[in-house]
Amino acid sequence: RALSKGELLLHYQPQVDAVTMQLIGAEALIRWQHPEWGMVSPGRFIPIAENSGQILEIGDWVLRTALRQIADWRATGITVVPVAVNLSALQFRQTSLCDTVSQALRDFDVPPQLLELELTERIAMEDSSFTLDQISKLHAMGITLSIDDFGTGYSSLSYLRRYQIDKLKIDQSFVQDLDRETDSGTIVRAIINMAHGMGFKTIAEGVETQAQLDYLRQHGCDEIQGYFFSRPIPAADFERLLLPAGA
Ligand code: C2E
Ligand code: CA
Ligand code: CA
């Protein structure tokens, strides 16, 4: 009902280049503004929607809302950056996914280069020709693909190298532990080196401190996302970070 009552909205969290700190993208994150409960965290309702199958309808709404937003920004002459949308396993398993995505891109007249899809490690590690095929098709459409929460699941390195993906998102648990005396630094460096060796970019998530940023930069992480730069913010606030076209 939240969907039909218009209680869902998207916030956008900036992603920046680790070296120049320039804005290079955004992740669209869903929010539920409940009339009595206030903002409900996606961590609370997304798992329920996944179990009930309603994630398909919600996921479709997220995709179309993000693309409509990109189209609106383009229409006002703003230089837009690519927007990353989270894809749940159920969405990925739909044989119609590629058609749905390309139809939505056409409907809003948005070039595929402005859309990124975040897959979970769990999705990507399902060993099947279907997974390989689905990833290849999305890649062939010109969409950027990334693996979310990388390092927390059961990644098979032999699958990974077969996939036409673009980016690994280093899970925030490793990033946040960088400040403490743990093995996180070793893990983060290993992920960055492996990713680069396989031709993938890396983005670190959950960067909150200067020390974390310095470490990531020093070890060649390409992109940064986290509270240190900005929290997820409403579309109108995000728009102010975008430059007018030609600027
Ligand atoms: P995620 O995809 O791993 O998203 C990153 C989460 O980390 C977001 O939480 C974001 O607000 C938070 N975050 C970002 N930077 C920092 C930081 O510096 N420190 C800390 N402590 N947290 C940070 P959020 O928005 O609550 O989303 C939680 C999860 O809900 C997401 O994790 C994702 O799995 C899911 N989700 C959100 N939106 C969607 C959606 O549209 N579709 C699907 N399928 N899942 C979504
Ligand atoms: Ca994500
Ligand atoms: Ca993540």
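Everything quoted here is computed from the prediction, not taken from an experiment.

Glancing now at the overall build of the chain. Looking only at helices and strands, one finds 11 helices and 10 strands in the chain. For the chain, the C-alpha radius of gyration of 18 Å lies close to 18 Å, the compact-globule estimate for 247 residues. When the 247 residues of the chain are sorted by exposure, 47% land in the buried category. Taking the intrachain contacts of the chain between residues at least 6 apart in sequence as the baseline, contacts between residues at least 24 apart amount to 68%. When the accessible area of the chain is evaluated, it comes to approximately 12000 Å², of which 50% is carbon and sulfur surface. Averaging the positions of the 21 positive and the 32 negative side-chain charges in the chain gives two centres separated by 3 Å.

A few words on unusual backbone geometry. The phi torsion at D109 lies on the positive side, around 55°, for a residue other than glycine. Here D149, not a glycine, exhibits a phi torsion of approximately 50°, which is positive. Mapped onto the secondary structure, D149 falls in strand β6 (residues 144–150).

Below, the discussion takes up the coordination of the calcium ion (ligand 3). The calcium ion (ligand 3) binds to the protein through D148 (OD), D149 (OD), E205 (OE) and E205 (OE); the donor distances cover 2.2 to 2.7 Å. Along the chain, the residues donating to the calcium ion (ligand 3) fall in the pattern D-D-x55-E. Between the two metal centres, the calcium ion (ligand 3) and the calcium ion (ligand 2), the spacing is 4.0 Å, with D148 acting as a shared donor. Residue D149 is found in strand β6, and its partner E205 is found in the loop between β8 (201–204) and α10 (210–218); the two are separated by 56 residues along the sequence. Take D149: its relative accessible area is 30%, and that puts it in the partly exposed class. On the accessibility criterion, E205 (8% relative accessible area) is buried.

To continue, consider the site of ligand 1. Lining the immediate environment of ligand 1, one finds 21 residues, of which Q13, R31, Q172, E208 and Y227 sit closest. In this structure, Q13 approaches ligand 1 through a side-chain N or O atom, which is 3.0 Å from a nitrogen atom. Note that a nitrogen atom of ligand 1 is positioned 3.5 Å from one of the side-chain N or O atoms of Q176. Taken by itself ligand 1 offers 800 Å² of open surface, and the protein chains cover 81% of this. Among the secondary structure elements, those contributing two or more residues to the shell around ligand 1 are β2 (23–34), α1 (42–52), β6 and α8 (172–177). Per-element tally for the shell around ligand 1: the top contributor is β2, with 4 residues. Counted by class, the shell around ligand 1 contains 8 nonpolar, 7 polar and 6 charged residues.

The rules we used
Residues numbered from 1 in each chain as written. Chains lettered and ligands numbered in written order. Predicted model: local features only at pLDDT ≥ 70, side-chain atom pairs only at ≥ 80, totals over all residues. Heavy atoms only, no water. Helix = DSSP H or I, 4+ residues; strand = E, 2+ residues; numbered from the N terminus. Rg over C-alpha atoms; globule rule 2.2 N^0.38 Å. Buried < 20%, exposed > 50% of the residue type's maximum accessible area, 1.4 Å probe, protein only. Contact = heavy atoms within 4.5 Å. Areas by Shrake-Rupley, 256 points an atom, 1.4 Å probe, with all protein chains shown as cover. Lys, Arg positive; Asp, Glu negative; His and termini not counted. Charge placed at Lys NZ, Arg CZ, Asp CG, Glu CD. Donors = N, O, S within 2.8 Å, 3.2 Å for Na, K, Ca; no water. Near = heavy atom within 4 Å. Polar contact = N/O pair within 3.5 Å; in protein donor to acceptor, adjacent residues only side chain to side chain. Nonpolar A, V, L, I, M, F, W, Y, C, P; charged D, E, K, R; others polar.

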